[in-house]
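# Chains, contacts and geometry: an overview
Read off the chains here:
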Amino acid sequence: MNKRKFLQTLLATGGVVLVAKRYIPSGGQSPVPDPAPETLAAPASADLMPDASQGPTLAASNAKEEFELMMLQESELRPGFKHSERSQGGEVVIQQLPNETVDQYLEKIRNFDNSFASDIYLREENSKLLLPTLARLDRIQNFVGHANFNLISFEEILYFARNYPEIGKFEKAEVDFMNEIFQADATTYGFFGEKITPDFNHRVLQKDVVKIDGTGHYLMRGESLAHYQQIHKDVGNELTLTSGIRNNVKQMHLFLAKTFQSEGNLSRASRSLAPPGHSFHGVGDFDVGKVGMGEQNFTADFATTKEYRRLINLGYVDIRYTDTNKFGVRYEPWHIKIENDSIAHCSHGGSSPCTA
Ligand SMILES: [Zn+2]
């Protein structure tokens, strides 16, 4: 049984949220895979287990080369690398900056991709884990597809890594590293947004999302989808979705990649991209851009387009991160704020886990 059929079988049972797009040649003896996480439906028989390939596997290669390849693919396929998402929980930030004047703070968010003396860096042992972890996450992204990678949960990436030799099982140190990044207090970096999806294994269910044709991205059903459809109708076909739902694994991948680009500078990375768990993309916010503008959509240049002016003139669209926001983040004219019950709950620091 090939993997496509395996996944179709799982889908038919209603228990899997992912469909891997890459065909794995069948044949040969299948190794016994590790147990599926409970979120993946247990196969009905051994015959339904993933057919881990006996065919050609990716040659072991230099992690840095793999990562550079990934960066190229990312910029070609989904120009959403330079993101940031911050919550707006209140006017608290300046009080959290006892050693910093407002002018110094604004200088940082306006020169977000520079390094500053007070910036926090990765510890040396974690620096060594950065590339191998990124390379493994990249292999998973290629394996399940870029669109599905936006949805995948932490347990699911461990599952795929364990069962497919071309990904390779995560080392314990890599898992510990990702957990440390996820659990870190982001205010130490200079990021003041709240935790939005605090469970690393936060699930995004297929039934709750809709794939938007031609974009490779998903939106949450309900307010998020309706808002996008209205904006698209009112602004026109030149406006498109450039990033929708992103679960914690996707945000981890983006944040670690930005940390790599920033030479281990976590503060600099967090001025451009919310640390994993802190992104409103996890619960409904989305990004828009002008068709054909590519990565430039994720710069202040987007605010000079007529599509942006139309967007603002509609009167019902809110941009979450303004040029004078108090959350340690750069100006993001492309990031559309969604208000709904789950987001309002999350942004006000409710005691129960945020769900959407
Ligand atoms: Zn965004």
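Scroll up for the structure.
Residues numbered from 1 in each chain as written. Predicted model: local features only at pLDDT ≥ 70, side-chain atom pairs only at ≥ 80, totals over all residues.

### Observations regarding the overall build of the protein chain
Heads up, the condition is: By definition, any uninterrupted DSSP run of H or I lasting at least four residues is a helix, any uninterrupted run of E lasting at least two residues is a strand, and each is numbered from the N terminus. Here contacts are defined at the residue level, using C-beta atoms placed from the backbone and a cut-off of 7 Å between them.
For the protein chain, the helix and strand inventory stands at 12 helices and six strands. Residue pairs at least 24 apart in sequence account for 79% of intrachain contacts in the protein chain once pairs closer than 6 positions are excluded.

### Re the pairing of strand 2 (residues 217-220)
For a regular strand, side chains alternate in direction, first toward one face of the sheet and then toward the other. As a reminder, the rule being used: Put simply, a residue is buried when 20 or more other C-beta atoms lie within 10 Å of its own C-beta and exposed when 12 or fewer do; between those, it is partly exposed, and each C-beta is set from the backbone. Strands qualify as paired when DSSP identifies two bridges or more between them.
Of the two faces of strand 2, the one carrying H217 and L219 and the one carrying Y218 and M220 are both buried. By the bridge criterion, four bridges tie strand 1 (residues 209-212) to strand 2 in an arrangement that is antiparallel. For V209, the partnering residue across the bridge sits in strand 2 and is M220. Count of turn residues in the strand 1/strand 2 antiparallel hairpin: four residues, of which G214 carries a positive phi of about 80°.

### Some points on the nonpolar core
Heads up, the condition is: Note on definitions: a nonpolar core is a set of buried residues drawn from Ala, Val, Leu, Ile, Met, Phe, Trp, Tyr and Cys, linked by C-beta atoms within 7 Å.
Ranked by internal contacts, the top residues of the largest apolar core, which has 64 residues, are I140 and F160. When near neighbours in sequence (up to four residues on either side) are disregarded, I140 contacts F149, I157, F160, A161 and I167.

### Concerning the packing of helix 4 (residues 124-144) against helix 6 (residues 154-163)
What counts, and what does not: Simply put, an axis is a line fit to the C-alpha atoms, just over the touching stretch for a helix, and the angle between two N-to-C directions goes from 0 to 180 degrees. The labels follow the angle: roughly parallel below 35 degrees, roughly antiparallel above 145, roughly perpendicular from 65 to 115, and oblique for the rest. Residue polarity is assigned by list, with Asp, Glu, Lys and Arg as charged and Ala, Val, Leu, Ile, Met, Phe, Trp, Tyr, Cys and Pro as nonpolar; anything else, Gly included, falls into the polar class.
Viewed as axis vectors pointing N to C, helix 4 and helix 6 meet at an angle of 90°, and their least axial separation amounts to 10 Å. As the angle between them shows, helix 4 and helix 6 are arranged roughly perpendicular. Residue-level inspection shows R136, I140, F143 and V144 of helix 4 in contact with helix 6, the latter providing I157, F160 and A161. Grouping the constituent residues of the contact of helix 4 with helix 6 by class yields six nonpolar, no polar and one charged.

### Let's talk about the packing of helix 4 against helix 7 (residues 172-183)
At a closest axis distance of 10 Å, the pairing of helix 4 and helix 7 adopts a crossing angle of 100°. As summarised for this structure, helix 4 and helix 7 are arranged roughly perpendicular, according to the angle between their axes. Within the contact between the two elements, helix 4 uses N126, L129, P132, T133 and R136 and helix 7 uses A173, E174, F177 and M178. For the contact of helix 4 with helix 7, the class distribution of residues is five nonpolar, two polar and two charged.

### Details of the environment of L273
Note on placement: L273 falls in the loop between helix 10 (266-272) and strand 4 (286-290). The class for L273 is buried, based on 29 C-beta atoms found within 10 Å. Spatially, the C-alpha atoms of L273 and K258 are 7.5 Å apart, while their sequence positions differ by 15 residues.

### Some thoughts on helix 9 (residues 248-261)
Spelled out, the test is: Here the expected span of a helix is defined as 1.5 Å times the quantity of residues minus one.
Counted at 1.5 Å a residue, the expected span for helix 9 with its 14 residues is 20 Å, and the 20 Å between its end C-alpha atoms agrees. Counting buried positions along helix 9 yields 13 of 14 residues, so the element is predominantly enclosed.

### Describing unusual backbone geometry
The phi dihedral of E263 is positive, around 55°, even though this residue is not glycine. Mapped onto the elements, E263 comes out in the loop between helix 9 and helix 10. On the neighbour-count criterion, E263 (12 C-beta atoms within 10 Å) is exposed.

### Quick notes on the environment of D213
Checked against the element boundaries, D213 lands in the loop between strand 1 and strand 2. Sequence separation of D213 and L241 is 28 residues, and the distance between their C-alpha atoms is 9.6 Å.

### A short note on helix 4
Spelled out, the test is: In this scheme, the bend at a residue equals the angle between the axes fitted to the seven residues that finish there and the seven that begin there.
Taking 1.5 Å of rise per residue, 21 residues should cover 30 Å, and helix 4 covers 31 Å from first to last C-alpha, within 8% of that figure. L130 marks the point of greatest bend in helix 4, at about 35°, and the proline P132 comes within the next four residues. Considered for burial, the residues of helix 4 that qualify are L129, L130, T133, L134, A135, R136, L137, D138, I140, Q141, F143 and V144. Phi for G145, located one or two positions after helix 4, is positive at around 100°.

### Looking at the sheet that holds strand 6 (residues 332-336)
Read from one edge of the open sheet, four strands run 3-4-6-5, paired in antiparallel fashion. A strand with exactly one partner marks an edge of an open sheet, and here the two such strands are strand 3 (239-243) and strand 5 (319-321). Direction aside, the axes of adjacent strands within the sheet are offset by 55° on average. In terms of strand pairing, strand 4 meets strand 6 through two bridges, oriented antiparallel. Bridge pairing in strand 6 places F286 opposite I336. In the packing of helix 8 (residues 223-235) onto the sheet, the strands contacted are strand 3 and strand 4, and the crossing angle to strand 3 comes to about 145°.

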